[in-house]
Amino acid sequence: EGHGHGLYVHIPYCQTKCGYCNLFSVTGQNQETIQRYLDTLRRQSIQYQQLLKNIGTQFGEVVIGGGTPLCLTQNQLEQMFAMLADCFRFSKDREMIIETAPNQTDEGKLRILKQAGVTRVSMGIQSFHDKELRALGRAHCAEAARNALHLVKGTGFACVNTDFIYGIPGQTIQSLLE
């Protein structure tokens, strides 16, 4: 009841499944399957809306994770943010965090995030070295990571964080520091 609650939205889709990841995520899903998931998420959110409206629940934080939520198309991202706005109440100063990966990050999707009021973008980069990225089975290259990070930083989000991994086979202290 009242303020101070957090809402987590799980978008379980990824371009590839990383060997080190123990989160529930799936790859190779077509747009029809993803759309059915979003439609189900909307129906479930409407059910929660009915339960929460009578007790005045407001969320101070929204985390959209996965998977890689930016695997959604621009239209699907807009649907997801509209569903959140329609079905849940948020405090005036709420935080909204979303996860992404370099290959799924582009200017159009970042504009949608900014318009939706995302306050923090968390990008799974893991390394800026192609050899280390290959060892991890990542789908992006170091140049794509740098370009995506530049785009995110240039969009003006209040907070940008990046994920890196220590202990990658072949990694050195110097490569980690770079």
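Each remark here, short or long, concerns the structure printed above.
For the structure given in this document, a descriptive report is provided here.

Definitions and cut-offs
Residues numbered from 1 in each chain as written. Predicted model: local features only at pLDDT ≥ 70, side-chain atom pairs only at ≥ 80, totals over all residues. Heavy atoms only, no water. Helix = DSSP H or I, 4+ residues; strand = E, 2+ residues; numbered from the N terminus. Expected span 1.5 Å × (residues − 1). Buried < 20%, exposed > 50% of the residue type's maximum accessible area, 1.4 Å probe, protein only. Arc of directions from axis to C-beta. Contact = heavy atoms within 4.5 Å. Core = buried A, V, L, I, M, F, W, Y, C linked by side-chain atoms within 4.5 Å. 1 Å grid on protein atoms, 1.4 Å probe; cavity = no way out; pocket = protein on both sides within 12 Å on 5 of 7 lines; lining within 4 Å. Points joined across faces, edges and corners; volume = space filled by probe spheres on them. Nonpolar A, V, L, I, M, F, W, Y, C, P; charged D, E, K, R; others polar. Pairing = 2+ DSSP bridges. Right-handed = clockwise from strand over helix to strand, strands pointing away.

### A closer look at helix 2 (residues 74-87)
Taking 1.5 Å of rise per residue, the 14 residues of helix 2 would be expected to cover 20 Å, and the 20 Å separating its terminal C-alpha atoms lies within 8% of that figure. Of the positions making up helix 2, those classed as buried are Q76, L77, M80, F81, M83, L84 and C87. Seen from one end, helix 2 has its buried residues packed into an arc of 150°, which puts them on one side. At its buried positions, helix 2 is contacted by strand 1 (5-11), helix 1 (31-53), strand 2 (59-66), strand 3 (90-100) and helix 3 (107-116).

### Observations concerning the nonpolar core
Grouped together as the largest cluster of nonpolar side chains are 35 residues, with contacts concentrated most on I11, I64, M80, F81, L84, I98 and L113. For this core, the secondary structure elements donating two or more residues are strand 1, helix 1, strand 2, helix 2, strand 3, helix 3, strand 4 (120-126) and helix 5 (142-155). Sorting elements by how many residues they give to this core places helix 2 first, with six residues. Setting aside residues no more than four positions away along its own chain, I64 makes contact with V9, I11, P69, M80, F81, L84, M96, I97, I98 and E99.

### Brief notes about the layout of surface pockets
Approximately 430 Å³ is the volume found for the largest pocket. Lining the largest pocket are 25 residues, with Y20, G67, T68, Q126 and R138 sitting closest to its centre. Listing elements by their share of the lining of the largest pocket, those giving two or more residues are strand 3 and strand 4. The dominant element in the lining of the largest pocket, judged by the number of residues it contributes, is strand 4, at three residues. Looking at the lining of the largest pocket, its residues break down into eight nonpolar, 13 polar and four charged. When its volume is computed, the second largest pocket comes out at roughly 180 Å³. Lining the second largest pocket are 14 residues, with L7, Y8, Q44, Y48 and F88 sitting closest to its centre.

### So, the pairing of strand 2
Relative to strand 2, strand 1 runs parallel, the two sharing seven bridges. Bridge assignment links I11 to a residue of strand 2, and that residue is G66. Chirality of the crossover, the property in question, places the unit of strand 1, helix 1 and strand 2 among those that are right-handed. The sheet contact formed by strand 2 and strand 3 spans five bridges and is parallel. Across the sheet, the residue bridging to I64 is I98, located in strand 3. Each parallel crossover has a hand, and the one from strand 2 via helix 2 to strand 3 is right-handed.

No statement about biological role is implied by the geometric values presented.
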